[in-house]
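# Residue-level structural notes
Single-letter residue listing:
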Amino acid sequence: MSSAEEIARGAKAAFEKSQLVPASERINALHVIRQELEAHKAEILAANVEDLKAAQVEVEAGKMDNAMLSRLNLDKGDKWDSMLQGISDVAALPEPTGKVSYARELDDGLELYRVSCPIGVLLVIFEARPEVVVNIATLAIKSGNAAILKGGKESNRTTLLLSKAISAGLAKTSLPSTYIQTIQTRAEVSSLLDMDRYIDLVIPRGSNSLVKNIQNNTRIPVMGHADGICSVYIDESANVDKAVRVVVDSKTDYPSACNAAETLILHESVVTTIWPKVAEALLAANVKLLCDAPSLAALQSSSVSAPASASIAPSTDADYSTEHLSLTIAVKTLPSLQAAMEWINAHSSHHTDSIVTESDEAAHIFTRGVDSAGTFVNASTRFADGFRYGFGTEVGISTGRIHARGPVGLEGLVTYKYMMKSKGAKGHIASEFGAGKKAYKHAPIEASSVPF
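Everything quoted here is computed from the prediction, not taken from an experiment.

Turning our attention to the pattern of salt bridges. Per the stated rule, a full pass over the model turns up 18 salt bridges. A salt bridge links E95 to R26, with the shortest nitrogen-to-oxygen separation between them at 3.1 Å. Taken together, the residues E95 in the loop between α5 (79-92) and β1 (100-107) and R26 in helix α2 (residues 23-39) connect sequence positions 69 residues apart. The class for R26 is buried, based on a relative accessible area of 7%. Put simply, K79 and E131 hold a salt bridge, and the shortest N to O gap is 3.9 Å.

Here it is as structure tokens:
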């Protein structure tokens with residue numbers, strides 16, 4: 001038996017055993033894991049520094065881009081504190097399993113319940129972001145799923161210590177030791193992608209090439225998104241101050257994030273009014289503007305103030321289907337809201353798109369007509385995040401249309417099963433129902449949990 005198969009079998013066995021562990025023990029495990037991480041913070045961040053040093057060498061050699069380097073830093077801003085807070089937030093969320101969404105009495109004493117339950121074993125593959133180890137482990141434990149995690153080689157030192165802290169925490173609980181496991185090699189990933197007997201869902205987080213490669217090399221269902229090509233549309237009724245704030249934040253708050261805006265779409269009526277103000281603010285933030293002919297001409301004929309380092313260039317068709325992941329944005333001018341929606345639906349990755357408008361009608365049309373997981377009004381695309389939605393944290397963003405869409409939190413990691421119980425003295429059999437026989441009652445039952 002290969003080591004990869006041992007890992008997969010171990011995860012499935014751990015999942016099956018964990019179904020009889022009370023939810024309170026899973027919550028306790030989260031609190032213990034947080035304590036372990038806090039106790040080893042200095043050691044973990046020191047390892048992260050070493051990963052960053054090694055990654056910087058790769059950047060200088062042209063083998064890694066700055067966007068991935070930025071994602072690797074666990075001590076940037078409030079990332080560490082947010083990671084820990086996410087554990088506590090998830091622990092405090094309502095229990096996602098055991099919820100009854102359908103209850104019927106089919107016959108006297110024959111009751112049917114549809115009940116939420118975990119998916120099973122998750123295989124999560126990600127690049128650079130070491131905090132994903134903790135995010136996924138937290139959500140998996142809370143939702144009752146076992147998980148196998150694979151981070152990128154660029155974060156091996158960090159993820160190894162994070163994983164040790166998680167394992168140390170689990171060892172102090174009644175959850176199986178193989179409930180959360182990590183792997184290190186691509187060979188293990190390749191082997192695990194063939195093990196649909198044991199693994200129930202694959203969640204890739206990373207580059208377009210990573211996601212596409214996984215989607216094309218497994219029979220296991222895959223949940224996630226390949227690109228984060230998000231856009232902001234400035235409507236003809238937009239307020240200039242709102243436009244500046246929303247566009248600049250969407251692009252610059254965290255340029256390498258999948259929810260950063262990559263395309264700015266202008267209604268043709270705002271090209272000589274609002275657009276120069278927005279452009280001025282973007283240039284002041286060192287954003288490179290890739291402009292179509294109308295937006296470029298408007299800047300050339302206006303008195304836009306820009307720093308000496310400002311970069312403005314003509315756009316190409318490829319710029320509108322590129323996830324820049326940097327301080328670069330492509331600008332497109334269109335004649336109407338309808339044209340903007342058609343453009344977004346044809347060119348975006350169906351992740352998150354926003355409209356800046358003062359028209360309730362335009363907002364109504366945009367939020368329903370744009371086929372994306374998130375459609376916002378006068379709000380930055382950067383809000384598309386599980387933590388900001390109140391999910392505690394997220395396992396990733398899904399642009400699919402089945403099961404889960406948008407930021408995937410606890411609800412996206414549960415499915416359901418049907419439970420039935422006969423209270424009849426002789427039990428119930430299906431052959432007693434039908435034409436000329438007994439009829440089904442299908443009477444609603446008031447139930448928030450299964451009474452057996």
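Now, onward.
This part is about the packing of aromatic side chains. Evaluated as defined, the whole model comprises six aromatic pairs. Judged by centre distance (5.9 Å) and plane angle (70°), the ring pair of Y113 and F452 falls under edge-to-face. Pair noted here: Y113 is in strand β2 (residues 110-118) and F452 is in the segment after β17 (443-444), with a separation of 339 residues, a long-range link. Across the ring face of Y416, the terminal group of R114 is positioned such that the distance to the ring centre comes to 5.4 Å.

With parallel pairing, the four strands of this open sheet are ordered in space as β5-β4-β3-β6. Bordering the open sheet on either side are β5 (180-183) and β6 (201-205), each of which pairs with just one other strand. Across the sheet, the mean angle separating the axes of adjacent strands is 20° when strand polarity is ignored. Of the pairings in the sheet, the one linking strand β4 (residues 146-150) to β5 comprises four bridges and is parallel in character. Each bridged residue has a counterpart across the sheet, and for K150 the counterpart in β5 is I183. Docked against the sheet, helix α6 (residues 132-143) engages β3 (121-126), β4, β5 and β6, running at close to 165° with respect to β3.

Right, let's talk about the UniProt feature "domain: Aldehyde dehydrogenase" (unreviewed entry) in the protein chain for a bit. Per the UniProt annotation, the sites labelled "domain: Aldehyde dehydrogenase" (unreviewed entry) are residues 4-287. Annotated as residues 4-287, this span is 49% helix and 17% strand, and its ends, taken at the C-alpha atoms, are 45 Å apart.

Our focus in this paragraph is the sheet that holds β17. With respect to topology, four strands assemble into an open sheet ordered β16-β2-β1-β17, the strand pairing being antiparallel. Each edge of the open sheet is held by one strand with a lone partner, namely β16 (414-422) and β17. Across two bridges, β1 lies against β17 in antiparallel orientation. For E105, the partnering residue across the bridge sits in β17 and is A443.

Burial along strand β13 (residues 374-377) is one-sided: G374 and F376 are buried, and none of T375 and V377, which face the opposite way, are. One crossover worth recording links strand β12 (residues 352-356) to the parallel β13 by way of helix α14 (residues 360-369), and it is right-handed.

Moving on, we come to the environment of Y113. The exposure class of Y113 is buried, given its relative accessible area of 2%. Distance in space between the C-alpha atoms of Y113 and E50 is 52 Å, their sequence separation being 63 residues. The contact partners of Y113, leaving out residues within four places of it in the chain, are V100, Y102, A103, K417, Y418, M419, I445, A447, V450, P451 and F452. At 2.8 Å, the side chain of Y113 and the side chain of E111 are in polar contact.

Moving on, we come to the nonpolar core. Grouped together as the largest cluster of nonpolar side chains are 66 residues, with contacts concentrated most on L37, I141, I148, L162, L170, I180 and L192. No other element matches α6, which puts eight residues into this core. In this view, I148 contacts I7, A8, A11, V121, L122, L123, V124, Q181, I183, L192 and I199; residues no more than four positions away in its chain are not counted. Counting residues in hydrophobic clusters, the runner-up holds 27 residues, among them I234, V247, V271 and A298.

Turning our attention to helix α12 (residues 293-300). Among all positions in α12, only S295, L296, A298 and L299 are buried. Seen end-on, α12 carries its buried residues on one side only, within an arc spanning 160°. Within α12, the exposed residues directed more than 90 degrees away from the buried face are A293 and Q300. Check the buried side of α12 and you find it contacts β8 (261-267), α11 (274-284), β9 (288-291), β10 (312-314) and β11 (328-334).

Another point: unusual backbone geometry. Of note in this structure, N286 is not a glycine but carries a positive phi near 65°. Among the secondary structure elements, N286 is positioned in the loop between α11 and β9. Positive phi values are uncommon outside glycine, yet H442 reaches one of about 50°. Following the sequence through the fold, H442 ends up in the loop between β16 and β17. Its relative accessible area of 46% is what places H442 among the partly exposed residues.

Relative to the helices and strands, I199 resides in the loop between α8 (186-192) and β6. Of the residues examined, I199 reaches a relative accessible area of 1% and is grouped as buried. As for I199 and R9, which are separated by 190 residues in sequence, their C-alpha atoms are 8.8 Å apart. Those residues in contact with I199, other than ones at most four positions away along the chain, are V121, L123, I148, L192 and I220.

Rules used in this analysis
- Residues numbered from 1 in each chain as written.
- Predicted model: local features only at pLDDT ≥ 70, side-chain atom pairs only at ≥ 80, totals over all residues.
- Heavy atoms only, no water.
- Salt bridge = Lys/Arg side-chain N within 4 Å of Asp/Glu carboxyl O.
- Helix = DSSP H or I, 4+ residues; strand = E, 2+ residues; numbered from the N terminus.
- Buried < 20%, exposed > 50% of the residue type's maximum accessible area, 1.4 Å probe, protein only.
- Phe/Tyr/Trp six-rings, centres within 6.5 Å; stacked < 30°, edge-to-face > 60°.
- Lys NZ or Arg CZ within 6 Å of the ring centre and 35° of its normal.
- Pairing = 2+ DSSP bridges.
- Axes fitted to C-alpha atoms, helices over the stretch in contact; angles between N-to-C directions.
- Contact = heavy atoms within 4.5 Å.
- UniProt positions renumbered as here; feature names shortened; annotations may be inferred.
- Right-handed = clockwise from strand over helix to strand, strands pointing away.
- Polar contact = N/O pair within 3.5 Å; in protein donor to acceptor, adjacent residues only side chain to side chain.
- Core = buried A, V, L, I, M, F, W, Y, C linked by side-chain atoms within 4.5 Å.
- Arc of directions from axis to C-beta.

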